[in-house]
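The chain contents come next:
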Amino acid sequence: MANELKGTVNYTVNGNIAILEVDNPPVNPLSSGVRAGLTDCIAKANNDDSIKGIILTGAGRSFIAGADISEFGQKPDGPDLHTALKEIEFSKKPVLAAINGTALGGGLETALVCNYRMGTNKAIVGLPEVNLGLLPGAGGTQRLPRLIGPSQALKMMIAGTPISAKKALQQGVIDAISENSLIEDGIAFLQDKITLSEHPKVRDKNEKLLEARGADNILAEAKALAAKTRRGQFAPGQIISCVEAAINEDDFDIGMKKESEYFLECLVHPQREAMIHIFFGERAASKISDIPKETPLHQINSAGVVGSGTMGGGIAMNFANAGIPVLILDQDEKNLSRGMGVIEKNYQMMVDRGRMSQDQKDTVMQIITPTLSYEDLADVDIVVEAVYENLELKQEIFKSLDTAVNDQAILASNTSGLDIDAIASSTNRPNKVVGTHFFSPANVMRLLEVVRGSKSSDETMATVMALGKKMGKASVVSLNAPGFIGNRMLYGYTYQANMLLLEGALPNQIDSALESFGMSMGPFRMMDLVGLDLGWRARKLGGIETPLTNKISDALCEQDRFGQKNSKGFYNYSEGSRAPNPAPENESIYKEVSEKNNIQRREISDQEIIDRCIFALVNEGAKILEEGVSQRAGDMDIVYINGYGFPIWRGGPMFYANQFGLGKVVEKINEFAELDKNFWKPAPMLEKLASDSGLFGEAPAPEDRAKKLGFTTGNMGGV
Ligand code: 3HC
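Computed from a predicted model, the values in this text were never measured in an experiment. (Residues numbered from 1 in each chain as written. Predicted model: local features only at pLDDT ≥ 70, side-chain atom pairs only at ≥ 80, totals over all residues. Heavy atoms only, no water.)

1. Describing the pairing of strand β18 (residues 474-479)
Formally: Only protein chains enter the accessibility calculation, which uses a 1.4 Å probe. A residue is then buried if its area is under 20% of the maximum for its type, exposed if over 50%, and partly exposed in between. Each helix corresponds to a stretch of at least 4 residues labelled H or I by DSSP, and each strand to a stretch of at least 2 residues labelled E; elements are numbered beginning at the N terminus. By the convention used here, strands pair only if DSSP detects at least 2 bridges between them. By convention, orient the strands away from the viewer: a clockwise path from the first strand over the helix to the second makes the crossover right-handed.
Burial within β18 is extensive, with six of its six residues counted as buried. Along β18, one buried face is formed by A474, V476 and S478 and the opposite face, lined by S475, V477 and L479, is buried too. Inspection of the sheet shows strand β17 (residues 447-452) paired to β18 by six bridges, in the parallel sense. Bridging across to β18, R452 finds its partner in L479. Crossover handedness for the path β17 to helix α18 (residues 458-470) to β18: right-handed.

2. Notes on the domain arrangement of the chain
The line we're drawing: How far each domain reaches was decided by an automatic or database domain assignment. Only heavy atoms enter the contact rule, under which two residues are in contact if any of them lie within 4.5 Å. Two parts placed together each lose some accessible area; with a 1.4 Å probe, that loss summed over both constitutes the buried area. By convention in these notes, a salt bridge is any Lys or Arg side-chain nitrogen within 4 Å of a carboxyl oxygen on Asp or Glu. Under the scheme applied here, ten amino acids are nonpolar (Ala, Val, Leu, Ile, Met, Phe, Trp, Tyr, Cys and Pro), four are charged (Asp, Glu, Lys and Arg), and all others, including Gly, are polar.
Structurally, the chain comprises domain 1 (8-246), domain 2 (269-291 + 481-504 + 602-719), domain 3 (303-480) and domain 4 (532-596). For domain 1 and domain 2, the distance between their C-alpha centres works out to 40 Å. Contact residues are listed per partner, giving 12 residues for domain 1 and nine residues for domain 2. Across the domain 1/domain 2 interface, buried area totals approximately 920 Å², and carbon plus sulfur atoms make up 70% of it. In terms of surface lost to domain 2, no three residues of domain 1 exceed I69, L132 and F234, which account for 44% of the buried area on that side. At the boundary of domain 1 and domain 2, one finds zero salt bridges. The residue makeup of the side of domain 1 that touches domain 2, split by class, is six nonpolar, five polar and one charged.

3. Some remarks on the side chain of N498
Among the secondary structure elements, N498 is positioned in helix α19 (residues 486-503). Classification of N498 as buried rests on a relative accessible area of 8%. When neighbours within four sequence positions are excluded, N498 is seen to be in contact with F524, M527 and T549.

4. Some points on the UniProt feature "domain: 3-hydroxyacyl-CoA dehydrogenase NAD binding" (unreviewed entry) in the chain
As a reminder of what qualifies: UniProt positions are given in the numbering used here, feature names are shortened, and annotations may be inferred rather than shown by experiment.
What UniProt calls "domain: 3-hydroxyacyl-CoA dehydrogenase NAD binding" (unreviewed entry) maps, in this numbering, to residues 303-478. When the span residues 303-478 is considered, its composition is 41% helix and 21% strand, and the gap between its end C-alpha atoms is 23 Å.

5. Brief notes about the side chain of Q631
Quick note on the threshold: Polar contact is defined as a pair of N or O atoms within 3.5 Å, subject to the rule that within protein one atom must be able to donate a hydrogen and the other to accept it, and that residues adjacent in sequence are counted only when both atoms are side-chain atoms.
With respect to the helices, strands and loops of the structure, Q631 is situated in the loop between α25 (606-627) and α26 (633-643). Within the local environment of Q631, its side chain forms a polar contact with the backbone oxygen of K287, the two atoms lying 3.1 Å apart. Look past the residues within four positions of Q631 in its chain and what remains in contact with it is A285, K287, I288, S289, V477, L625, E698 and A699.

6. Considerations on the layout of surface pockets
Selection criterion: Put simply, the grid is 1 Å and covers the protein atoms alone, a cavity is a trapped set of points that fit a 1.4 Å probe, a pocket is an open set with protein on both sides within 12 Å along at least five of seven lines, and lining residues have an atom within 4 Å of a point. Grid points are joined across faces, edges and corners, and a volume is the space filled by probe spheres set on the points.
The calculated volume of the second largest pocket comes to roughly 590 Å³. Lining the second largest pocket are 28 residues, with G307, S308, G309, D330 and A386 sitting closest to its centre. Elements that contribute at least two residues to the lining of the second largest pocket include exactly α13 (310-321), α14 (333-352) and α16 (391-404). At seven residues, α14 tops the list of elements feeding residues into the lining of the second largest pocket. Of the residues assigned to the lining of the second largest pocket, the class counts are 12 nonpolar, 12 polar and four charged.

7. Section: the pattern of salt bridges
Per the stated rule, a full pass over the model turns up 32 salt bridges. In this structure, the salt-bridge partner of E71 is R35, at a minimum N-O distance of 2.9 Å. Placement of E71 in the loop between β4 (62-64) and α2 (81-89) and of R35 in helix α1 (residues 32-47) is noted, with a sequence separation of 36 residues between them. One continuous salt-bridge network, built from bridges that share partners, spans E89, R143, R203 and D253.

8. Side note on helix α3 (residues 106-113)
Of all eight residues in α3, eight are buried; the element is thus mostly enclosed. When α3 is considered as a whole, its buried residues turn out to be G106, G107, L108, E109, T110, A111, L112 and V113.

9. Considerations on the sheet that holds strand β3 (residues 53-58)
What holds strands together in a sheet is hydrogen bonding between their backbones, with the strands either parallel or antiparallel. Rules: Helix axes are fitted only over the stretch in contact, all axes being lines through C-alpha atoms; the angle between N-to-C directions runs from 0 to 180 degrees.
Spatial strand order, β1-β2-β3-β5-β7-β10: six strands in an open sheet with mixed pairing. The open sheet is flanked by β1 (8-14) and β10 (176-178), the only strands paired with a single partner. The sheet shows a mean angle of 25 degrees between the axes of neighbouring strands, taken without regard to direction. Taken together, the six bridges between strand β2 (residues 17-23) and β3 define a ladder with parallel strand orientation. Bridging across to β3, I19 finds its partner in I55. Its contacts with the sheet place helix α7 (residues 182-193) against β1, β2, β3, β5 (95-99), β7 (116-120) and β10, and it is angled at close to 155 degrees to β7.

Given below as structure tokens:
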């Protein structure tokens, strides 16, 4: 029976101390075998008279990464977590949590039932359950406020961001930091305590809660924080209710009971399923299905960036933040010093906002070196080119890089849409060329589309994916195809938004409908932010006729309405503010353009707006999946959540469609086809899955795709 359970706890003895080591690689979640092991080992130590104290630690790099997320929604084997934690909390012998690495969620909650907590200086602790649509359900909402006060605890649980050992010590989450051997220091710590007749239990610490009773501002501030940072999410409100119970209930166990009830409500909530889909989806996206896990990586110890503009600067910051020294090259001295100035300003802003210390800023600035010479890039391990989108220019640069940089280095292009194979063909190392599509601002946005050229080698791909992880990016592979994944899907979404405007909806209605669906910014606010004049000027310059969907924005530009940059576009903006105000003066333009193009304006419901924009994304996503441009539907969800403001709690557009029902999506698309049969035609894969009651999942096997699309498996780029 014990062999069927997942994970274990190793039991060793050092003198009079029992050492319990959670062993469930790679990150020690509290799987069935760990819960059983904890229960058994605590009993064993308590039943052994020679044992006077217990140390609980983790094997490898993690202490405990929390509950086993893959077990949610399944019937648990072995003892439940509450039973296991009770054994620790009511142990007759004192228990010290020796936090050797990450203690997250249930991991920190396990540490909180121990009498004492010591961490290494590399330890990280936090309650990130909110990121999974959950609340800390193993006593975290009741114990953390007792330890550090409800206000701090709420901030930590709503943000879900872990903190360092140093900060944890300052706040009182842990009692000590070990600078040497954690176990030796832990034993010494316990030897000092074993003579005490009683050992502290967090559940008994009530002072900070009593102080907070009646202080309405604590909960009000938490609600405001949740509304601002976690719009539309269910779990934060539940966390606040749990802390409210902790503050107001005299009996710890009543608070615990409430926490369990609120936790269960989160567990069965659709947002939980969506957010856990994203947790595993992000990890799945980092793997390339036809590249073996063991593929050797090219070591990236230094880097170069070509172009010191906004993108180049942001990319250089990513390298520096990951601890990789980076040379930033520009051919123009003035540009280069301006670029370095922007980087310095961005870091300074982080220092001013408390997101970085002055020391950290100095460290990263020291490893960003400006240069005007390609020769300086000779020894770097990777170069990312980040100049403006012009194929000839990029080919020129790659030619120069190919000559100047050592043969082993990877050459990457930060392009949002150019053909990677065409860029690679200007070098003698096309196997080492890859696309890295960062999103702006590159130092902030998490998405990284890694574009696989037809000749990009396994080593190149695996190395760049590993680099993305080191930079903290959500990396997704795309084949080399027009628009890659994200921008190709975006086309249909924006097309529909513009058509809805022509058909009678106003920008404010469209934006509000999509923002209430959960999008972080409606399409017209976004267009105003980017600038309406970019496309208009390009069309004018190129003598290109305005497409139907741009007729209104071009008409606005003719009236000097360029967007936020001159305080008027689809909206009006007051001086120095980015808040959009409706622009009733535009309505006559909308009417005129609709009329000129024989479009009858009509009342349009918010639901129609949402369905048309979102199902345009989904239908294009189905084509992308069928062509194998994206490896899996979940990858597109990661793209949309991390690069395009799609709400995480809906799990991304493809997951949303799966939940909505693919049959119903097809029905909707057929309904819309009556309005516009040129645009609306269900993708064959969507129709097929819908008729089999299927779901979006993996792309077809490469061989099938190759047959269907008429290119060989060895040459999958250029779809
Ligand atoms: N349960 C199950 N599997 C987990 C897991 C968990 N809690 N945490 C990580 N894993 C798995 C990952 O899916 C991945 O599997 P794969 O190799 O098959 O893709 C593997 O462990 C390694 O994970 P990462 O690639 O993420 O490894 P990193 O070293 O980059 O990061 C980490 C390690 C910081 C621990 C990160 O994995 C993480 O943040 N994990 C989740 C932490 C978390 O959210 N804990 C709360 C869980 S909910 C809970 O505890 C409820 C409780 O309150 C009752």
